[in-house]
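Observations on the model geometry
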Amino acid sequence: MSGIAQSSINAHLFQIPEPTEEFGQDGGKFYRCYDALADEIDDDTVKGLKEQLDGMLIFVSRWSDKVASIPLFTSGYVQAGLFAGVNTAFLALTLPLLSADPADDTNALLSQNNAILAQFLAGRNDSAPANSPLPSASFSPSSDIFTINALFALSLAFAIISSFLAVLGRQWLVYYRKRSGGGPDYQRWEQLRRYMGAERWRLQAILDDVLPSLLQIGLVIFCVSLILYLHHLNRAISLIVAIPMYVGLAFFVGSALCTVWDKFCPFHSPLSHMLLSVRSAISISQAAKGFEWRSLISAITSKRWLSSLVHGREEDSLQSLHIITLKRAICTSDDPATLLYATSNILGITKVNQIEELWSDGAFRERFLEQYQNAYPRMLQLCGRDQV
């Protein structure tokens, strides 16, 4: 019975659909496949970003036990709280070194008092010794102590900023997946506009690269300040601690360089992504030596940007959204039914400029030609030679 059901499902899935006279007018078959694909992509993206943000949230260690019981927060708080707690502990040790020690003033006053008492006991009637200035009056912290405290404080500031932005990023993700009112068509186009906005404003790059880089910068600064503090105490101890830290930093930089050399290297990090962007920017700048900068300057100095700032960005038209749904379906899906329904809806596009916009996308063109070349062998493999 299951074999009969499976064969009927395969026959339904791989039945070549009739070309549509208008985009989307195929009984909702393409939209059902696209909605499932879009929900899967968005859920995977949001889940990965949330896991990334959970490991970045940094609070004071005494808050960790309280927030760990809240479902919104995970064990990443406890680990991050350890880093913030260690940083705060070192600040508690080094911050008092910026001011004079009250014990020095107390010892100086006691010394003067003992001198006066010694004169009285000796029966001397000469005048009491003049009060010497207290040590706090001429105290000035050394330059290395000032540098150590500045680095420790800067490291903690990076941690707090990354924590705040991580919480803010979770709010962005909640808004991104928040269901609005209206029917399924309205929700589809609303979610697609949010996806385009996230791509346009580089939401994934910000949450996946910028925020972790802030935390990593804070950790590197903390290591540098720790080495300087230990050097201030004892040079031998600082050397022992610095060697493994330098090795770890060299491994981190080397792994990023390996990713630049081999893009399929698994050692991806914000540093490797930055190096890849720099290499791409250099390639683009070399290829665009004949770029007309006058046209760019004239576009910047025009008044269009002021009108856009006042009235806001114009929403994408429904026809443009149709093109984007086709691109997402064909470029990201491997489901045969989704590919068939998407291809049949291409024939429902009647405007030449929309066809040109669709075909001008390099990723879409490459994917479409690949599917076209492998269509017949894949149909033989999935349906059998007798049904093709």
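Residues numbered from 1 in each chain as written. Predicted model: local features only at pLDDT ≥ 70, side-chain atom pairs only at ≥ 80, totals over all residues. Heavy atoms only, no water.

1. What to know about the overall build of the protein chain
Across its full length, the protein chain carries 17 helices and zero strands. Within the protein chain, the proportion of its 388 residues that are buried is 30%. Residue pairs in contact within the protein chain that sit at least 24 positions apart in sequence constitute 71% of those at least 6 positions apart. Approximately 25,200 Å² of the protein chain is accessible, and the part contributed by carbon and sulfur atoms is 63%. (Helix = DSSP H or I, 4+ residues; strand = E, 2+ residues; numbered from the N terminus. Buried < 20%, exposed > 50% of the residue type's maximum accessible area, 1.4 Å probe, protein only. Contact = heavy atoms within 4.5 Å. Areas by Shrake-Rupley, 256 points an atom, 1.4 Å probe, with all protein chains shown as cover.)

2. Thoughts on a nonpolar patch on the surface
Together, Val220, Val224, Leu228, Leu249, Val253 and Leu257 give the surface a local cluster of nonpolar side chains, amounting to about 450 Å² of exposed area. For the nonpolar patch, the secondary-structure elements that each account for two or more residues are helix H8 (203-233) and helix H9 (235-261). Turning to its location among the elements, valine 220 is positioned in helix H8. A residue is classified by how much of its surface remains accessible, and valine 220, at 37% relative accessible area, is partly exposed. (Patch = residues over 30% accessible without salt bridge, like charges linked within 9 Å, V, L, I, M, F, W, Y side chains within 5 Å. Salt bridge = Lys/Arg side-chain N within 4 Å of Asp/Glu carboxyl O.)

3. Here we look at the pattern of salt bridges
One side chain can pair with another of opposite charge once the charged atoms of both are near each other. In this structure the tally under the stated criterion is nine salt bridges. One salt bridge in this structure joins aspartate 35 and arginine 188, with 2.9 Å as the shortest N-O distance. Residue aspartate 35 is located in helix H2 (residues 29-54), and its partner arginine 188 is located in helix H7 (residues 184-200); the two are separated by 153 residues in the primary sequence. Taken together, the shared-partner salt bridges in this structure form one network comprising Asp39, Asp42, Asp43, Arg177 and Arg328.

4. Some thoughts on the side chain of histidine 322
Within the element layout of this structure, histidine 322 appears in helix H13 (residues 318-332). Discounting chain neighbours no more than four positions away, the residues touching histidine 322 are Phe23, Tyr31 and Trp189.

5. So, empty space enclosed by the protein
A full pass over the atoms with the stated rule returns one cavity of 30 Å³ or more. Of the volumes computed, that of the largest cavity is approximately 60 Å³. When its residues are assigned to classes, the lining of the largest cavity shows no nonpolar, three polar and five charged. (1 Å grid on protein atoms, 1.4 Å probe; cavity = no way out; pocket = protein on both sides within 12 Å on 5 of 7 lines; lining within 4 Å. Points joined across faces, edges and corners; volume = space filled by probe spheres on them. Nonpolar A, V, L, I, M, F, W, Y, C, P; charged D, E, K, R; others polar.)

6. A word on the confidence of the model for the protein chain
Scored by pLDDT, the protein chain comes out at a mean of 76, with 70% of its residues at no less than 70. Within the model, pLDDT remains below 50 along residues 1-13, and this stretch shows three contacts once partners closer than five positions in the same chain are excluded. Overall, residues 59-80 carries pLDDT values under 50, and its contacts beyond four positions in sequence, including any with other chains, amount to 24 contacts. (pLDDT = per-residue confidence, 0-100.)

7. Re the side chain of serine 238
Looking at the secondary structure, you find serine 238 in helix H9. Once residues lying within four places of it in the same chain are set aside, the contact partners of serine 238 are Ile227, Leu230 and His231.

8. Things to note about the environment of glutamate 22
Tracing the sequence through the fold places glutamate 22 in the loop between helix H1 (2-13) and H2. C-alpha of glutamate 22 to C-alpha of glycine 348: the two residues are 326 residues apart in sequence and 4.3 Å apart in space. Those residues in contact with glutamate 22, other than ones at most four positions away along the chain, are Asn345 and Gly348.

9. Comments concerning the packing of H2 against helix H6 (residues 143-176)
Running from amino to carboxyl end, H2 crosses H6 at an angle of 165°, the nearest separation of the two axes being 10 Å. Relative to H6, H2 is oriented roughly antiparallel. Between H2 and H6 lies a crossing of left-handed hand. The segment H2 lies against H6, with Asp42, Val46, Leu49, Lys50, Leu53 and Asp54 engaging Ala166, Gly169, Arg170, Leu173 and Tyr176. By residue class, the composition of the contact of H2 with H6 is six nonpolar, one polar and four charged. (Axes fitted to C-alpha atoms, helices over the stretch in contact; angles between N-to-C directions. Parallel < 35°, antiparallel > 145°, perpendicular 65-115°, else oblique. Left-handed = near helix turned anticlockwise from the far one by under 90°.)

10. Structural notes on H9
Structural remark: α-helix, 3.6 residues per turn; residues separated by three or four positions point the same way. Between the first and last C-alpha of H9 there are 38 Å, a value that for 27 residues agrees with the 39 Å anticipated at 1.5 Å per step. The sharpest bend along H9 comes to roughly 25°, located at alanine 242, with the proline proline 244 sitting one to four residues further on. Every buried residue of H9 is listed here: Ser238, Ala242, Ser255, Ala256, Thr259 and Val260. (Expected span 1.5 Å × (residues − 1). Bend = angle between axes of the 7 residues up to and from the residue.)

11. A short note on unusual backbone geometry
Its identity as a non-glycine residue notwithstanding, arginine 202 has a phi of 55°, on the positive side. For arginine 202, the position within the fold is in the loop between H7 and H8. The class of arginine 202 is exposed, set by a relative accessible area of 52%.

12. With respect to the packing of aromatic side chains
With the rule as written, the count across this model stands at twelve aromatic pairs. Their ring planes at 80° and their centres at 5.9 Å tell us that tryptophan 359 and phenylalanine 368 sit as a pair that is edge-to-face. In this structure tryptophan 359 comes out as partly exposed when scored by relative accessible area, which is 38%. Among the aromatic residues, those joined into a ring-pair cluster are Phe23, Phe30, Tyr31, Tyr34 and Trp189. One Lys or Arg, arginine 188, reaches over the ring of tryptophan 189 and ends 5.6 Å from the middle of that ring. (Phe/Tyr/Trp six-rings, centres within 6.5 Å; stacked < 30°, edge-to-face > 60°. Lys NZ or Arg CZ within 6 Å of the ring centre and 35° of its normal.)

13. Considering the nonpolar core
Judged by nonpolar contacts, the single largest core of 23 residues is most densely connected at Phe30, Leu192, Leu326 and Leu358. Those residues in contact with phenylalanine 30 that sit more than four places away from it in its chain are Phe23, Thr325, Leu326, Ala329, Tyr341, Ala342 and Asn345. Listed in part, the 22 residues of the second largest apolar core include Met56, Phe152, Leu203 and Leu207. (Core = buried A, V, L, I, M, F, W, Y, C linked by side-chain atoms within 4.5 Å.)

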